[in-house]
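Observations on the three-dimensional arrangement
Given next are the chains, with one letter for each unit.
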Amino acid sequence: MLVLLVAASLAVPRSVDARVEALMRRMTLDEKVGQLIQYNPSQHDLDKLIAAGRVGSVYNLHSAEQATELQRIAVERSRLHIPLLIGQDVIHGFRTIFPIPIGIASSWDQSAAELEARVAGREAHAIGIRWTFAPMVDIARDPRWGRVAEGAGEDPFLGSAMAAAYVRGFQESSILACAKHFAAYGAAEGGRDYNTADMSEERLREVYLPPFKAAIDAGARTIMSAFDSLNGVPMTANHHLLTTILRNEWHFHGFVVSDFDAVDQLRNHGIAATPQQAALKAIRAGVDMDMVDGDYETLARAVREGLLPVSTVDAAVRHILREKFELGLFDHPDAAESETGLDRADARRVADESIVLLKNEGAILPLSKKIGTLAVIGPLAGSKRDMLGSWFAHGNPDDAVTLLEGIRSTVSAQTNVLYAEGCGILDGSDQDIAKAIETAKQANVVVLALGEAGGMTGEASSRAFLDLPGRQEQLLESIVATGKPVILVVMSGRPLTISWAADRVPAIVWPWFPGIEGGNAIAGVLFGDVNPSGKLPISIPRSAGQIPVYYAHLPTGRPANPNNKYTSKYIDSPSEPLYPFGFGLSYTRFDYSDLRIQKTGNRFEVSAVVRNAGSRAGVEVVQLYVHQRVARVSRPVKELKGFERIALGAGESRRVVFTIAPKDLRYWLGGKWVVDPGTFDVWIGPSSAEGLEGTLKYSN
Ligand code: BGC
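Here is a short report on the structure shown in this document. Quick caveat: nothing in here was measured; it's all calculated off a predicted structure. Residues take numbers from 1 onward in each chain, read along the sequence in its written order. pLDDT decides what is reported in this predicted model: residues at 70 or higher carry local features, side-chain atom pairs at 80 or more are listed and counted, and totals for whole chains, interfaces and linings draw on all residues regardless. By convention in this description, side-chain values take in all heavy atoms of the structure and omit both hydrogens and water.

1. Let's talk about the sheet that holds strand β9 (residues 255-257)
Consider a sheet: its strands pair through backbone hydrogen bonds, and that pairing is either parallel or antiparallel. Pairing between strands is defined by DSSP: at least two bridges between the two strands are required. Numbering of helices and strands runs from the N terminus; a helix is a DSSP stretch of H or I covering at least four residues, while a strand is a stretch of E covering at least two. What the three strands build is an open sheet, ordered β5-β6-β9; its pairing is parallel. Lying at the two open borders of the sheet, with one neighbouring strand each, are β5 (178-182) and β9. When the angles between neighbouring strand axes are averaged without regard to direction, this sheet yields 25°. Where β5 meets strand β6 (residues 222-225), four bridges bridge the pair, whose relative direction is parallel. Directly across from K180, in β6, lies its bridge partner M224. Sitting on the sheet, helix α10 (residues 210-217) is in contact with β5 and β6, with an inclination near 160° to β5. For this analysis, residues touch if any pair of their heavy atoms sits within 4.5 Å. Working convention: axes come from line fits to C-alpha atoms, limited for helices to the stretch in contact. Angles between N-to-C directions cover 0 to 180 degrees. Packed on one face of the sheet, helix α11 (residues 239-249) meets β5, β6 and β9 and runs near 155° to β9.

2. Quick notes on helix α16 (residues 344-354)
At 3.6 residues per turn, the α-helix brings residues three or four places apart onto the same side. Summary of the burial criterion: residues with accessible area below 20% of their type's maximum are buried, those above 50% are exposed, and those between are partly exposed, where the area comes from a 1.4 Å probe applied to protein chains only. For α16, every residue scored as buried is listed here: A347, V350, A351, D352, E353 and S354. Considering only its buried residues, α16 is in contact with α6 (101-106), α7 (110-125), β11 (356-360), β16 (507-510), α21 (518-526) and β20 (639-648).

3. Some details on the environment of L380
On the secondary structure map, L380 appears in the loop between β12 (373-377) and α17 (403-410). With relative accessibility at 0%, the residue L380 sits in the buried group. Contact partners of L380, with chain neighbours within four places excluded, come to D386, I425, A449, L450, G451, E452, Q472 and M491.

4. Considerations on the packing of aromatic side chains
Centres within 6.5 Å make a pair out of two Phe, Tyr or Trp rings, where for Trp the six-membered ring is used; the pair is then stacked when the planes are under 30 degrees apart, edge-to-face when over 60, and tilted otherwise. Applying the stated criterion to the full structure yields 18 aromatic pairs. Grouped by ring-pair contacts, the aromatic residues W108, F157, Y551, F581, Y625 and F643 constitute a single cluster. The ring of Y550 is capped by R141, whose NZ or CZ atom sits 4.2 Å from the centre of that ring. Looking at K638, its charged tip hangs above the ring of W683, at a distance of 4.5 Å from the centre. A ring is scored as having a charge over it whenever the NZ atom of a lysine or the CZ atom of an arginine sits within 6 Å of its centre and within 35 degrees of its normal.

Keep in mind these numbers describe shape, not what the thing actually does.
Structure (structure tokens):
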């Protein structure tokens, strides 16, 4: 039967637009509205609805068989044989689970993000999925927000680079990408998920929108509107963002899907009293597809009653059908191919690059593989599930290599590896802590794996406190009190406040949630098979009270001055984060020298020599920052405008060259991008807090 339908589809006109129009001419109003509706598999009478042409998309199916079955109903039994678009949250892997996105962002490696998306896309495609609700490109400057785990951190430049890479990777695997959550979802007040965002158009344009624009420029075919309200207007009904900016200004041609149940939630936002009012507000604003809540079922009646012009429905249908045609769904609707095997080598490569070394006093790391007796302690040392973090699609915790397993297979046969859990992630007993202390006392070195549970980050996982949960602080203090050298490994989906540890342990390794190959990757770093190269994509605060703390803040009229009380600072804490954006150590040392700035036309070439001054090969992420001294409005004290990952052998050096174009110096003012002539400070360095400094003068 599918073969016959393919043959039939060959008879229609060939251009996508012509095929869309030809199909739309045959559609009833109810069938058109059906294309705008997405259901989840638990929807009552889903089969009948699909057969009646009332469903455009389904999501989060359990298996290839289910995908095949539902697609068969759509293609064989519905009147117009329009295939379903099957979607799923494929966030950092499908079967092969990679590090969480904030971990991938720590690599500052677009090819790593692209690789993850390509592999995940291929695996998802194999069971019939043609659309992922990823990447999440929300800028997040508040680690209390649990969804920090799902994005690329605090910076729009890095966030844009990662966004584009994910889009390319997914779409190379013939999976539609969906840049979400449009927009400013990461600016939730208090870091409380789903909460209000309120900000100037300037901040929106300069910080929160660029990754969306980058995703679209890279070809992202779908956008998900966010749950939050922005400046009082819920994003699901935000015409300014969804139509004025997205369609009219950026010329986005794909389609917009609401977030889960978000159309109906317009009633909770207090801007609609009934499902129909909610649906009308959403579609008029520019939401093409309604995820799950069914409010769009009311639209056919609204058209019949004259409340909505059919042209508004038509426009949304057109956006969706065009994507289905472009994707080849009409020609190849067959859902499932075959399951694929795990891609451990790629998961390992990305995990290696995602690990950030934050402290290494006295070069205690890397450890010798013949260390005598090593104690591995902590609730994150032996947990498979927690290696995967949140949103792990069809991933299987049994596939994960734990830190303990990774260490055991890395050290020499003579090394005695002892293990004690010490406490649970959230609980624990005095006896377990006492046992861990005894274990530590027998060892030469302790590797202490602490952090959050994989499910403590992601959606609806906001925290008010960012310290190590449960009894882990107590475990940490007890182990440090033994006097043994402690290597702290922190697994989490967000920055945690570890100031006490940072003052007392000699080494800190931060692998986030590193995925199925995490244990091997961390062990690789601990024992020197891998030279760490990750850099923080988000600042790590000293305390929750410092939040928000991000590097690209505006200057104040009273910059912090330790000798003057009446300046912008705390009386009980430094203002700077514990570890700044862009920071991460290596086992080798990189020296920066000879900053040069050359003007050609209205562009500047800014370069510096980076030398591997240590005795082993390494990778450095070289970063370029700028700051305008005097402009019409205050400009951030530093903004990332370039970065490059370079591999250097021991003693090797390279001149790293960045180009600064006028667009890198612009800002949003009075409804447009402007560049003010003037003096700009420029830095090339290893993090947002260090670097060679120079100036350039821009005149237009
Ligand atoms: C989340 C989205 C996700 C959707 C579908 C929502 O609750 O905010 O990120 O894609 O559910 O699972």
